[in-house]
Amino acid sequence: MRVAAVYCVYNEDEYIEYSIRSVAGLVDRLYVLLGDGPYIAYNRLARSEFRAADQTEAIVQRLAATFPHIRLVKGRWDSELDHRNAGIRLCREDGMDYYFLVDGDEVYRRDHLERLRQEIQARPHVGQFIIKCDTFWRSFRYRI
């Protein structure tokens, strides 16, 4: 059973290191699909108005030196759906059995991820699982 974590991100430098560190040790492959601008599916002007790139790429590259199973993929996706589908294609190409979509501001507890792996092993016929996580909103003081 091979499990991949997939991040579909753009300018997520504030929390992405915490998120990746919370997941990296418990997945077989970790993809970070880094968009070069915001989605334009609902706002055609978004890319012409977006701010400069932040430090997300540098953070991911530094973490990839520690966690060699991290793969950084840079690209341009017009919508969230396109972005996520690109992640699914990478998982299929690399023979992953499960796809774990992670937002750049989600932080997981090790015991929750270990429990998820146990559930997957016990129920391989199930196609979708839900897991607890902490999402931070503008500060570590505000968890959702």
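Up top you'll find the structure we're talking about.
The present account deals with the structure reproduced in this document. Small disclaimer: the values here were computed from a predicted structure and weren't measured.

### With respect to the side chain of Glu119
Looking at the secondary structure, you find Glu119 in helix H5 (residues 110-122). Within the structure, the side chain of Glu119 is placed 2.6 Å from the side chain of Arg123, a separation counted as a polar contact.

### What to know about the sheet that holds strand S1 (residues 3-9)
Strand order in the open sheet formed by 4 strands is S3-S2-S1-S4, and the pairing between neighbours is parallel. Among the strands making up the open sheet, the edge pair consists of strand S3 (70-75) and strand S4 (98-102). Put simply, the sheet's adjacent strands are angled 20° from each other on average, direction ignored. In the packing of helix H1 (residues 16-23) onto the sheet, contacts are made with S1, strand S2 (29-35), S3 and S4, and the angle to S1 comes to roughly 170°.

### What to know about the nonpolar core
Core analysis: the biggest nonpolar cluster contains 25 residues, and Tyr7, Ile20, Val23, Leu30, Val32, Ile70 and Phe100 have the highest contact counts within it. Looking at this core, the elements with two or more residues in it are S1, H1, S2, helix H3 (56-66), S4 and H5. Ignoring sequence-local partners within four residues, the contact set of Phe100 consists of Val3, Ala4, Ala5, Val6, Val23, Val27, Tyr108, Leu113 and Ile131. Core analysis: the next-biggest nonpolar cluster, separate from the first, contains 11 residues, Ala4, Tyr31, Leu33 and Leu90 among them.

### Looking at empty space enclosed by the protein
Applying the stated rule across the entire model yields 1 cavity of 30 Å³ or more. In this structure, the largest cavity occupies an estimated 50 Å³ of space. Forming the walls of the largest cavity are Val3, Leu26, Val27, Phe100, Leu113, Leu116 and Arg117. With 3 residues, the top contributor of residues to the lining of the largest cavity is H5. Split by residue class, the lining of the largest cavity holds 6 nonpolar, no polar and 1 charged.

### So, the packing of aromatic side chains
To describe a pair of aromatic rings, one takes the distance between the centres and the angle between the planes. Applying the stated rule across the entire model yields 2 aromatic pairs. Both rings, one in Tyr98 and one in Phe129, keep their centres 6.3 Å apart while their planes meet at 65°; by these two values the pair is edge-to-face. With Tyr98 in strand S4 and Phe129 in the loop between H5 and strand S6 (134-135), this pair connects stretches of sequence that are 31 residues apart. Judged by its relative accessible area of 16%, Tyr98 falls in the buried class. Residue Phe129 is classed as partly exposed on the basis of its relative accessible area, which comes to 25%.

The rules behind each value
- Residues numbered from 1 in each chain as written.
- Predicted model: local features only at pLDDT ≥ 70, side-chain atom pairs only at ≥ 80, totals over all residues.
- Heavy atoms only, no water.
- Helix = DSSP H or I, 4+ residues; strand = E, 2+ residues; numbered from the N terminus.
- Polar contact = N/O pair within 3.5 Å; in protein donor to acceptor, adjacent residues only side chain to side chain.
- Pairing = 2+ DSSP bridges.
- Axes fitted to C-alpha atoms, helices over the stretch in contact; angles between N-to-C directions.
- Contact = heavy atoms within 4.5 Å.
- Core = buried A, V, L, I, M, F, W, Y, C linked by side-chain atoms within 4.5 Å.
- Buried < 20%, exposed > 50% of the residue type's maximum accessible area, 1.4 Å probe, protein only.
- 1 Å grid on protein atoms, 1.4 Å probe; cavity = no way out; pocket = protein on both sides within 12 Å on 5 of 7 lines; lining within 4 Å.
- Points joined across faces, edges and corners; volume = space filled by probe spheres on them.
- Nonpolar A, V, L, I, M, F, W, Y, C, P; charged D, E, K, R; others polar.
- Phe/Tyr/Trp six-rings, centres within 6.5 Å; stacked < 30°, edge-to-face > 60°.

Honestly, that's just the spatial picture; any functional story needs more than this.
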